[in-house]
Amino acid sequence: MGKSEKEKLRTLLQEALDSLRDRPVPPLGQDFTQQVMNRLSPPSLWRRFLTPSRRPLQWALGTVATAGLVLGLYFGPRWNRGERVIETSSLPPSHQITDRKMYQVRFSIKRPEAAEVKILGDFTQWNAMVLSKDGSGNFTGELTLPEGTYAYGFMVDGKEWVADQTAHGFVPDGFGRVNSIIHL
Amino acid sequence: VTLLKPQRLIKVEASVRGQGADFEKKNPEKEPWEVEAIRLCQRGEKEPFARLVDHYKNWVFGLMFRWVGKKEVAEEMAQEVFLKAYSRIGSFRGEAKFSTWLYQICFNRCRDYWRSREFHQAAYEPLEQVEEKPALSPHAEQEVMSRQQERSVRRALESLPEIYREAVMLRYLHELSYEEMAEQLDLGVSSLKMRVLRGLNLLKNKLGGQGDG
C-alpha cells in the first residue's frame, strides 16, 4: 500500500470514528427522571438481607456479620464477655459526606503461608478488598477513613476469618467470630 | 493497624476526563445543592435523588448512546446506572467528584453490555434512526451516506476482540486520556496505547485497508 493510500485510509478511519462520536444524541424522554424515581427501592438492610445475592460466599457472610455486629452492639451488655463494648451511638454514620477529620490507615497482617488475604469491614460495606503481599509474607493495604469507629477483619485464603491482633478492640459478631475494632 | 497521618478532609479531585471532562469543566466545584442532595440520599431519602438524576441524565445518556448506538437500549442502561448509583450512594465518600464516581458506574454498565442479551440481539437489528429527513432535502444524500458509514464503523468496532474494542471506544467515543483509561481498566498506559493502536489497525483492516498501518 502506497503512502498516500495509507494516509487516505487513516483519514477515513479518523472520520469514521468522528462520525460515531459526533453523532447527534437523540433527546431523552421527558419522563426519564420520573421513570428512574418510580424504579427506586429504599436502601433497606432487611431487603438486602432477603434478596438473593450473586456475591461470593464470604461477602454474604460479611452481610450477616454486619447484621450480627449491629445486633451485638445493641444488646451489648448481655453479650459482653469482657471485650470492650461499643455504644451504637459511637458508630460512624457511615459513608456520609462530612468534614470530619480523615486518617490514613495501614492495615497489615503477617501470613507467610497464605496466598491471598482480603480485608472486609464496615468501611468497605463488607466488600472484600485484596491486600498486597510482600516478600516476607506481610499483607498490607492503606485506606483513608473519616474519624469514627469501625469493625473489620481479615479473610485468609477465602476461608479463615482472622482478627487483627493489633486492633484497638474486639467485638463478637454474634455468630461465633470476632471482629476487630479501630477507633479513629 | 497503623495510623499513618491524620489529615483534613481530602479533596482528591479526579483528573479531567473526556465527556466527563466537559461536564467537570463546566462544574469545577462541588455544588452545595449536590452535596446536600447526596447527604440526604445517604440518609435514605429518595426525593433529593431526582435532582441528581435531572442534573446528570443527559450526560449519562450521551455516554451510553455513544457506546451502544441505540436510543432505547441507551435509555434503559442510563436508568440502570442511576438505580445502581442510588443503591450504592452510601459508598460515595465525597473524596472524588460525584460525576467521577458516577462515570465508574457508567463504565461498568458499558462493559456489561458486551455480555448482555441486548447486545447480541442488537447485532441483528438496524441501528437507530436519529430523525427523519425529507426525501428531497438537499442534505438527504449526505445524511444517508453518513448513516451508512456510522453503521459500518459500528459493526466493524463490535467485531473487534473485546480488549481492543473497549480500548478504542474509551479513547475515541468517551474521549478518555490514557491516564484515565489506565485508572478505569487497571492497566499500564503503555499497554493501553498498544491496545488502542492494535485496535485501530484491526478496525482499519475491517473497513477496507490492506496494510498493517
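What counts, and where the lines are drawn
Residues numbered from 1 in each chain as written. Chains lettered and ligands numbered in written order. Predicted model: local features only at pLDDT ≥ 70, side-chain atom pairs only at ≥ 80, totals over all residues. Heavy atoms only, no water. Phe/Tyr/Trp six-rings, centres within 6.5 Å; stacked < 30°, edge-to-face > 60°. Helix = DSSP H or I, 4+ residues; strand = E, 2+ residues; numbered from the N terminus. Buried < 20%, exposed > 50% of the residue type's maximum accessible area, 1.4 Å probe, protein only. Core = buried A, V, L, I, M, F, W, Y, C linked by side-chain atoms within 4.5 Å. Pairing = 2+ DSSP bridges. Contact = heavy atoms within 4.5 Å. Salt bridge = Lys/Arg side-chain N within 4 Å of Asp/Glu carboxyl O. pLDDT = per-residue confidence, 0-100.

Caption draft 1: Highlighting the packing of aromatic side chains. Using the criterion set out here, one finds 14 aromatic pairs over all chains in the structure. Ring plane angle 75 degrees and centroid distance 6.0 Å describe the contact between Phe-32 of chain A and Phe-82 of chain B, whose orientation is recorded as edge-to-face. Of this pair, Phe-32 of chain A sits in helix H2 (residues 32-39) while Phe-82 of chain B sits in helix H4 (residues 71-87), each in a different chain. Among the residues examined, Phe-32 of chain A registers a relative accessible area of 0% and is labelled buried. Its relative accessible area of 2% is what places Phe-82 of chain B among the buried residues. The interplanar angle of 70 degrees and the centroid separation of 4.9 Å between the aromatic rings of Phe-107 of chain A and Tyr-152 of chain A together place this pair among those described as edge-to-face. Taken together, the residues span a long stretch of sequence, with Phe-107 of chain A in strand S1 (residues 102-110) and Tyr-152 of chain A in strand S6 (residues 149-156) at a distance of 45 residues.

Caption draft 2: Structural context of the nonpolar core. In terms of nonpolar packing, the biggest core is built from 68 residues, with Phe-49, Leu-52, Val-60, Met-64, Phe-82, Phe-98 and Leu-102 of chain B touching the most fellow members. For this core, the element with the most residues is helix H3 (residues 47-68) of chain B, which contributes 13 residues. Listed in part, the 20 residues of the second largest apolar core include Val-117, Phe-123, Leu-143 and Val-162 of chain A.

Caption draft 3: Just the pairing of S6 of chain A, in detail. All names here are of chain A. Counted residue by residue, S6 has eight buried out of eight residues, so it is predominantly covered. Residue alternation in S6 divides its side chains into two sets, Thr-149, Ala-151, Gly-153 and Met-155 and Tyr-150, Tyr-152, Phe-154 and Val-156, and both sets are buried. Note that S6 and strand S9 (residues 178-183) share four bridges and pair antiparallel. Residue pairing in the sheet places Tyr-150 in a bridge with Ile-182 of S9. Relative to strand S7 (residues 160-162), S6 runs antiparallel, the two being bridged by three bridges. Residue pairing for S7: Val-156 is matched across the bridge by Glu-160. In this structure, the hairpin formed by S6 and S7 is closed by a connection of three residues, where Asp-157 is found at a positive phi of approximately 50 degrees.

Caption draft 4: View of the environment of Met-64 of chain B. Residue and element names in this part refer to chain B. Relative to the helices and strands, Met-64 is located in helix H3. In this structure Met-64 comes out as buried when scored by relative accessible area, which is 0%. For the pair Met-64 and Ala-74, spaced ten residues apart in the sequence, the C-alpha separation amounts to 5.0 Å. Once residues within four sequence positions are removed from consideration, Met-64 is found in contact with Gly-69, Ala-74, Met-77, Ala-78, Val-81, Cys-106, Arg-109 and Cys-110.

Caption draft 5: Molecular detail of the pattern of salt bridges. Residues and elements named next belong to chain A. Considering all chains together, one arrives at eleven salt bridges over all chains under this definition. The shortest N-O distance in the salt bridge between Glu-160 and Arg-111 comes to 3.2 Å. Of this pair, Glu-160 sits in strand S7 while Arg-111 sits in the loop between S1 and strand S2 (117-121); the two residues are 49 residues apart in sequence, bridging distant segments of the chain. One network of salt bridges, with partners in common, ties together Arg-111, Glu-113 and Glu-160.

Caption draft 6: How the structure looks around the confidence of the model for chain A. All names here are of chain A. Looking at chain A as a whole, its pLDDT mean stands at 72, while 62% of the residues score no less than 70. Considering each helix and strand of chain A separately, the mean pLDDT is smallest for helix H5 (residues 76-79), with a value of 40, and largest for H2, with 91. Under a pLDDT of 50 for its full length, residues 46-55 has, in the predicted model, seven contacts with residues more than four places off or in other chains. Contacts of residues 76-98 to residues separated by more than four positions or lying in other chains number 44 contacts, the stretch itself having pLDDT below 50.

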